[in-house]
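Secondary and tertiary structure notes
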Amino acid sequence: MARSRRPLIAGNWKMNGLRADALALATGVADGVRSAGWSDREVLVCPPATLLAAVAEAVKGSGVLVGGQNCHVNPNGAHTGDISAEMLRDAGVSHVIVGHSERRTDCGETDAIVRAKAEAAWRAGLLPIICIGETLTEREANRTLTVLETQIKGSVPSGATAAKLVVAYEPVWAIGTGKTPTTAEVASAHAHIRRVLDGLMADAGAVRLLYGGSVKGSNAGELLAVGDVDGALVGGASLKADEFLAIAKAA
Ligand code: 13P
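Right, let's walk through the structure included here.

What counts and what doesn't
- Every chain is numbered independently, its residues counted from 1 as its sequence is written.
- Predicted model: local features are reported for residues with pLDDT of at least 70 only, side-chain atom pairs are reported and counted for 80 or more only, and whole-chain, interface and lining totals are derived from all residues.
- Note: side-chain values were computed over all heavy atoms of the structure, leaving out hydrogens and water.
- Helix numbering and strand numbering both begin at the N terminus, where a helix is a DSSP run of H or I of at least 4 residues and a strand a DSSP run of E of at least 2.
- Atoms counted for the radius of gyration: C-alpha only. Globule rule: 2.2 Å times residue count to the power 0.38.
- Only protein chains enter the calculation, and the probe is 1.4 Å; a residue is then buried if its accessible area is under 20% of its type maximum, exposed if over 50%, and partly exposed in between.
- Only heavy atoms enter the contact rule, under which two residues are in contact if any of them lie within 4.5 Å.
- By the counting rule applied here, Lys and Arg register as positive and Asp and Glu as negative, while His and the ends of each chain are not counted.
- To locate a charge, take NZ of a lysine, CZ of an arginine, CG of an aspartate or CD of a glutamate.
- What makes a residue near a molecule or strand is one non-hydrogen atom of that residue sitting within 4 Å of it.
- N or O atoms closer than or at 3.5 Å make up a polar contact, with two conditions inside protein: a donor-capable atom paired with an acceptor-capable one, and, for residues adjacent in sequence, both atoms drawn from side chains.
- Computed by Shrake-Rupley with a 1.4 Å probe, the accessible areas treat only the displayed protein chains as cover when residues are assessed.
- Only the stretch in contact is used when a helix axis is fitted, and all axes are lines through C-alpha atoms; the angle between N-to-C directions ranges over 0 to 180 degrees.
- Convention used here: angles under 35 degrees read as roughly parallel, angles over 145 as roughly antiparallel, angles from 65 to 115 as roughly perpendicular, and any remaining angle as oblique.
- We call Asp, Glu, Lys and Arg charged. Ala, Val, Leu, Ile, Met, Phe, Trp, Tyr, Cys and Pro are nonpolar, and the rest, Gly among them, are polar.
- Only Phe, Tyr and Trp rings take part, Trp by its six-membered ring, and two of them pair if their centres are within 6.5 Å. Stacked means planes under 30 degrees apart, edge-to-face means over 60, and tilted covers everything else.
- Think of it as a cone above the ring: NZ of Lys or CZ of Arg counts as a charge over the ring if it is within 6 Å of the ring centre and within 35 degrees of the ring normal.
- Any Lys or Arg side-chain nitrogen located within 4 Å of an Asp or Glu carboxyl oxygen qualifies as a salt bridge.

Comments concerning the overall build of the protein
Each helix and strand counted, the protein has 10 helices and eight strands in total. For the protein, the C-alpha radius of gyration of 17 Å lies close to 18 Å, the compact-globule estimate for 251 residues. Expressed as lengths along the three principal axes of its C-alpha atoms, the size of the protein is roughly 45 × 45 × 35 Å. Per-residue burial for the protein yields a buried fraction of 51% across its 251 residues. Long-range contacts, defined as pairs at least 24 residues apart, comprise 72% of the intrachain contacts of the protein with a sequence gap of at least 6. Here the protein carries 25 positive and 26 negative side-chain charges, and the mean point of each set is 2 Å from the other.

Quick notes on the site of the ligand
Taken together, the neighbourhood of the ligand is formed by 13 residues, with Lys14, His100, Gly176, Ser214 and Gly236 sitting nearest. One nitrogen or oxygen atom from the main chain of Gly235 is found 2.8 Å from an oxygen atom belonging to the ligand. Against a free-state accessible area of 310 Å², the protein chains account for coverage of 94% of the ligand.

A look at unusual backbone geometry
Of note, the phi angle at Asn142 is positive, near 60°, even though the residue is not glycine. Within the secondary structure, Asn142 is located in the loop between helix H6 (136–140) and helix H7 (144–155).

Some thoughts on the packing of helix H5 (residues 111–124) against H7
Put simply, H5 and H7 touch, their axes get as near as 7 Å, and they point 45° apart. Compared by their axis directions, H5 and H7 come out oblique. Between H5 and H7, the contacting residues are Asp111, Ala112, Val114, Arg115 and Ala118 on the first element and Thr150, Gln151, Lys153, Gly154 and Ser155 on the second. Looking at side-chain class alone, the contact of H5 with H7 contains three nonpolar, four polar and three charged residues.

Some details on the packing of aromatic side chains
Scanning all chains against the criterion turns up one aromatic pair. When the ring centre of Trp122 is taken as reference, the NZ or CZ atom of Lys164 above it lies at 4.0 Å.

Description of the pattern of salt bridges
Scanning the entire structure with this criterion turns up 17 salt bridges. We note a salt bridge from Glu149 to Lys153, for which the minimum N-O separation is 2.7 Å. Pair noted here: Glu149 and Lys153 are both in helix H7, with a separation of four residues, about one helical turn. Look at Glu149 and you get partly exposed, because its relative accessible area is 26%. With a shortest N-O distance of 3.0 Å, Arg194 and Asp230 are connected by a salt bridge. Separated by 36 residues along the polypeptide, Arg194 in helix H8 (residues 183–198) and Asp230 in the loop between helix H9 (217–224) and strand S8 (231–234) bring together distant segments of the chain. Since its relative accessible area comes to 10%, Arg194 is described here as buried. Here Asp230 falls in the buried class, since its relative accessible area comes to 1%. A single network of salt bridges, built from pairs that share partners, joins Arg5, Arg194, Asp228 and Asp230.

Read these as spatial facts, not as claims about activity.
So, in structure tokens, the structure goes:
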């Protein structure tokens, strides 16, 4: 079943990268993907907004996809400092991360806002990567599956189909900490996410579910071998071309 869903390895660069380093990184990833010649997996990089157009240009023709890290819900207007999904699309982008836990925490993004952002992505012709995940407190209180269910039901717009979204499970306590859930915990979370999606859409079995949180070259094989894990959303390890390519190779 897992192989019927083409794995997606996505690098979330977060607020990292000045032009020279970022272009070297993008070129390194593009060269690696070009020489690997993968047609059975997708590789995506999500640089900061200032570098989107330059990175899109740098990876052109390599097969590497480019995504934004956030978008506004509106197409344009008086929203100083914000960027719309249409603007991302105009910069050469095909995907956008919405509802990352750092934005849920730093910017107070609720499930309703995340859902509106996913709809904005659709409006602009982008594929949203909808992020969900429990905090350590929630996990320790045995609330993980309930929290995930609430986030999915609140963040996934109606009218969703497998071709129109990707879901990323990122336990908040695993992000940037070097800690990862056990493979059994990942399997349980992903199976639950798919069950909840099944109540919302007709083809939930075909939705790609990414795992994110301290993924690196050395643990990618194990995490990506879990049933219902269809790729990875990678933070820190996506800032080094070799490390990121090692994760893509493991897919
Ligand atoms: P790390 O891979 O650095 O833990 O970050 C994960 C993440 O937040 C990706 O969106």
